[in-house]
Amino acid sequence: MNATDRTPADLLRSALAADPGRPLVTFYDDATGERVELSVATFANWVAKTANLLQGDLGAEPGDRLALLLPAHWQSAVWLLACHSVGVVAAVDGPPGDADLVVSGPDELERALECGGERVALALRPLGGRFPQPPAGFADYAVEVPGQGDRFAPFVPVEAGGPALAVGGEEFTHAELVERAREDAAKLGLGEGSRVLSGLGYDTWEGLSAGLYAALAAGASVVLCRNLDRLPADALAQRTESERVTHTAA
């Protein structure tokens, strides 16, 4: 990664320029058997489409607050980077009533209705599938995102000193987030080619760092596992070997 990168969106652009074909996020859900692997290029395409949805259709602006009510999931990672691309503050598990927009998984829809702004729902089904019936009061992400543009340019440049993330009672600017991610990557010994297996949730900085940001800052990749406690020890050992995992946070 480039030393001049000041925002998470910068980190993603650098990863795309360096090696677009390498894996970035490999996602497992051990409750459903789902496995999805996204290269840097594929992940960046999802981010661009989502950022276009966020900025265009949803009218989000830098400094707006988005309550992100999603578990550790590849689509959650996409939404985080889309927020950073637009300049929207991603408030992970933040109170919807205090947010300008809300993005919710199927388990949080009732709470998400507290948001008076735009509401987006994700079914979190395999292959990014849509809801069988869209929830009342929500836009279905899987319906809205495919038609969005594959390239994204913010209407207003994202300032490194602007607010980026709120999680677990902490708030980070874009620059602080990048610096913290680099520090965590160094502590873990991550470098290019490292593979981090994480079974941690996205509701703490530690989970977000291990499951996304530290790897992105180091030019590494993530094996993100949801419901990892359902996986027997021998199957976990097999996954660690088959996915060429070099570091574990679980």
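Keep in mind it's a predicted model, so treat the numbers as computed, not measured.

Caption draft 1: Structural detail: the pattern of salt bridges. Evaluation of the coordinates by the stated rule reveals 11 salt bridges. The partner of Arg-13 in a salt bridge is Asp-10, and the shortest N-O contact between them spans 2.4 Å. Taken as a pair, Arg-13 and Asp-10 lie in helix 1 (residues 8-18) at a separation of 3 residues, close to a single helical turn. Given a relative accessible area of 18%, Asp-10 falls into the buried group. For the salt bridge of Glu-108 with Arg-111, the shortest nitrogen-to-oxygen distance reads 3.1 Å. Taking relative accessible area as the criterion, Glu-108 reaches 26% and is therefore assigned partly exposed. When salt bridges with common partners are traced through the structure, they connect Arg-35, Glu-37, Arg-195 and Glu-243 into a single cluster.

Caption draft 2: Structural view of the sheet that holds strand 7 (residues 139-140). Taken in spatial order, the 7 strands of this open sheet run 7-6-5-3-4-8-9, and their pairing is mixed. The outermost strands of the open sheet, each flanked by one partner alone, are strand 7 and strand 9 (170-173). Across 4 bridges, the pairing between strand 3 (residues 65-69) and strand 4 (residues 89-92) is parallel. By the bridge assignment for strand 4, Ala-67 is matched with Ala-91. Helix 3 (residues 74-86) rests against strand 3, strand 4, strand 5 (101-104), strand 6 (118-121) and strand 8 (163-167) of the sheet, and its axis sits at about 175° to strand 3.

Caption draft 3: Main features of the packing of helix 6 (residues 174-188) against helix 7 (residues 205-218). Relative to each other, helix 6 and helix 7 sit at 90°, their axes nearing to 8 Å. The orientation of helix 6 with respect to helix 7, classified from their angle, is roughly perpendicular. Across the interface between the two elements, Leu-177, Arg-180, Ala-181, Arg-182, Asp-184 and Ala-185 from helix 6 touch Trp-205, Ser-209, Tyr-213, Ala-214, Ala-217 and Ala-218 from helix 7. Partitioning the contact of helix 6 with helix 7 into residue classes produces 8 nonpolar, 1 polar and 3 charged.

Caption draft 4: Here's a closer look at helix 2 (residues 40-57). Over its 18 residues, helix 2 runs 25 Å from end to end, which matches the ideal 26 Å to within 8%, given 1.5 Å per residue. Residues of helix 2 that are buried include every one of Val-40, Phe-43, Ala-44, Val-47, Ala-48, Lys-49, Thr-50, Ala-51, Asn-52, Leu-53, Leu-54 and Gln-55, and no others. One or two residues past the end of helix 2 sits Gly-59, with phi positive at roughly 70°.

Caption draft 5: Molecular detail of the environment of Leu-54. Along the polypeptide, Leu-54 turns up in helix 2. Spatially, the C-alpha atoms of Leu-54 and Arg-151 are 13 Å apart, while their sequence positions differ by 97 residues. Discounting chain neighbours no more than four positions away, the residues touching Leu-54 are Gly-59, Ala-60, Leu-66, Trp-79, Ala-82, Cys-83, Val-86, Val-88 and Leu-101.

Caption draft 6: Looking closely at the nonpolar core. Ranked by internal contacts, the top residues of the largest apolar core, which has 63 residues, are Phe-43, Leu-54, Trp-79, Leu-80, Leu-165 and Tyr-213. The contact partners of Leu-80, leaving out residues within four places of it in the chain, are Leu-68, Ala-90, Val-92, Leu-165, Tyr-202, Leu-208, Leu-212 and Tyr-213. Judged by nonpolar contacts, the second largest core, of 11 residues, contains Leu-69, Val-102, Ala-123 and Phe-131.

Caption draft 7: View of the sheet that holds strand 10 (residues 195-198). Within the open sheet, the 5 strands sit side by side as 2-1-11-10-12. Their pairing is mixed. Only two strands of the sheet have a single neighbouring strand rather than two, namely strand 2 (34-39) and strand 12 (247-249). With direction set aside, neighbouring strand axes in the sheet form an average angle of 15°. One ladder, built from 6 bridges, connects strand 1 (residues 23-29) with strand 2; its direction is antiparallel. Following the sheet pairing, Val-25 is matched in strand 2 by Leu-38. In this fold helix 2 packs onto strand 1 and strand 2, with an angle of close to 95° to the strand it touches most, strand 2. Against the sheet, helix 7 makes contact with strand 1, strand 10, strand 11 (221-226) and strand 12, and its axis sits at roughly 175° relative to strand 11, the strand it touches most.

Each value, and the rule that gives it
Residues numbered from 1 in each chain as written. Predicted model: local features only at pLDDT ≥ 70, side-chain atom pairs only at ≥ 80, totals over all residues. Heavy atoms only, no water. Salt bridge = Lys/Arg side-chain N within 4 Å of Asp/Glu carboxyl O. Helix = DSSP H or I, 4+ residues; strand = E, 2+ residues; numbered from the N terminus. Buried < 20%, exposed > 50% of the residue type's maximum accessible area, 1.4 Å probe, protein only. Pairing = 2+ DSSP bridges. Contact = heavy atoms within 4.5 Å. Axes fitted to C-alpha atoms, helices over the stretch in contact; angles between N-to-C directions. Parallel < 35°, antiparallel > 145°, perpendicular 65-115°, else oblique. Nonpolar A, V, L, I, M, F, W, Y, C, P; charged D, E, K, R; others polar. Expected span 1.5 Å × (residues − 1). Core = buried A, V, L, I, M, F, W, Y, C linked by side-chain atoms within 4.5 Å.

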